[in-house]
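For reference, the chains in residue letters:
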Amino acid sequence: GQQLNQSPQSMFIQEGEDVSMNCTSSSIFNTWLWYKQDPGEGPVLLIALYKAGELTSNGRLTAQFGITRKDSFLNISASIPSDVGIYFCAGQFLTRRALTFGSGTRLQVQP
Amino acid sequence: DGGITQSPKYLFRKEGQNVTLSCEQNLNHDAMYWYRQDPGQGLRLIYYSQIVNDFQKGDIAEGYSVSREKKESFPLTVTSAQKNPTAFYLCASSPDSGEQYFGPGTRLTVT
């Protein structure tokens, strides 16, 4: 199956720094989703994007749906230790169909 | 509380045995999904169901089977034909808007 290109693979930052990660695809999507997964747990939905160009925030998190519908980015501002985890992007062409997942960005935050 | 439950959290089986993983949701979602996650990897789709009594194969369906007799339940059977069954299994459901919500996962170990 198709995979999304997610980068970077991992990041090690200092507490208080801003973080940016992105996903690109060779195919268009109608929905972009961003998830966070802690070790041994299921992914938790952070932000859902439904329209090209849409910019949505959830607290310190901001995500955008690229205007070409082939990319999306996630920014985290003023990182804190509990931001540690793996962040996944996911794209969907049709609802009630499968998500295509990126390979994840592992974030570590130094207090 | 509304949500998705998976049981058990940890499951151990001997090679050659079939095993069934449970997934229940009380979110009134029509669509449900099963994913597999291997260490350091993203999620890969095994099966999905858009509605009761209907299901479709995902990217890695070989060696797995599902049923969808009730809206709330979507059990996954890992058969002895699955060559590498040890993995973290995640169930998800989604409303019509498309975003998927995940359960806590079941870690299956086959020896």
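Quick summary incoming for the structure in this document.

Here is what the cut-offs are and how they apply
Residues numbered from 1 in each chain as written. Chains lettered and ligands numbered in written order. Predicted model: local features only at pLDDT ≥ 70, side-chain atom pairs only at ≥ 80, totals over all residues. Heavy atoms only, no water. Contact = heavy atoms within 4.5 Å. Buried area = accessible area lost by both parts, 1.4 Å probe. Salt bridge = Lys/Arg side-chain N within 4 Å of Asp/Glu carboxyl O. Polar contact = N/O pair within 3.5 Å; in protein donor to acceptor, adjacent residues only side chain to side chain. Helix = DSSP H or I, 4+ residues; strand = E, 2+ residues; numbered from the N terminus. Nonpolar A, V, L, I, M, F, W, Y, C, P; charged D, E, K, R; others polar. Phe/Tyr/Trp six-rings, centres within 6.5 Å; stacked < 30°, edge-to-face > 60°. Buried < 20%, exposed > 50% of the residue type's maximum accessible area, 1.4 Å probe, protein only.

A word on the interface of chain B and chain A
Where interface size is quoted, it is often the accessible area lost as the parts come together. Tallying the contact residues gives 26 residues for chain B and 21 residues for chain A. Between chain B and chain A lies a buried interface of about 1900 Å² when both sides are counted; carbon and sulfur atoms form 52% of it. Considering only the surface of chain B that becomes buried against chain A, B:L43, B:Q50 and B:F102 emerge as the three largest contributors, covering 23% of it. For the interface between chain B and chain A, the tally reads 1 salt bridge. Salt-bridge contacts for B:K9 lead to A:E41; the nearest nitrogen and oxygen are separated by 3.9 Å. In this assembly, chain B and chain A are joined by 5 residue pairs in polar contact (both at pLDDT 80 or more). Of all the elements in the fold, those that place two or more residues in the side of chain B that touches chain A are β4 (31-37), β5 (43-51), β9 (87-94) and β10 (101-102) of chain B. If you tally residues by element for the side of chain B that touches chain A, the top one is β5(B), at 5 residues. Partitioned by chemical class, the residues of the side of chain B that touches chain A number 12 nonpolar, 8 polar and 6 charged.

As for the packing of aromatic side chains
If you walk through the whole model with that rule in mind, you get 11 aromatic pairs over all chains. Geometrically, the ring pair formed by A:Y35 and A:F101 is tilted, given 6.1 Å between the ring centres and 40 degrees between the ring planes. Taken together, the residues span a long stretch of sequence, with A:Y35 in strand β4 (residues 31-37) and A:F101 in strand β10 (residues 100-101) at a distance of 66 residues. We classify A:F101 as buried; its relative accessible area is 1%. Judged by centre distance (6.1 Å) and plane angle (65 degrees), the ring pair of A:F101 and B:F102 falls under edge-to-face. One end of the pair, A:F101, is in strand β10; the other, B:F102, is in strand β10, on a second chain. Judged by relative accessible area, B:F102 falls into the buried class, the value being 11%.

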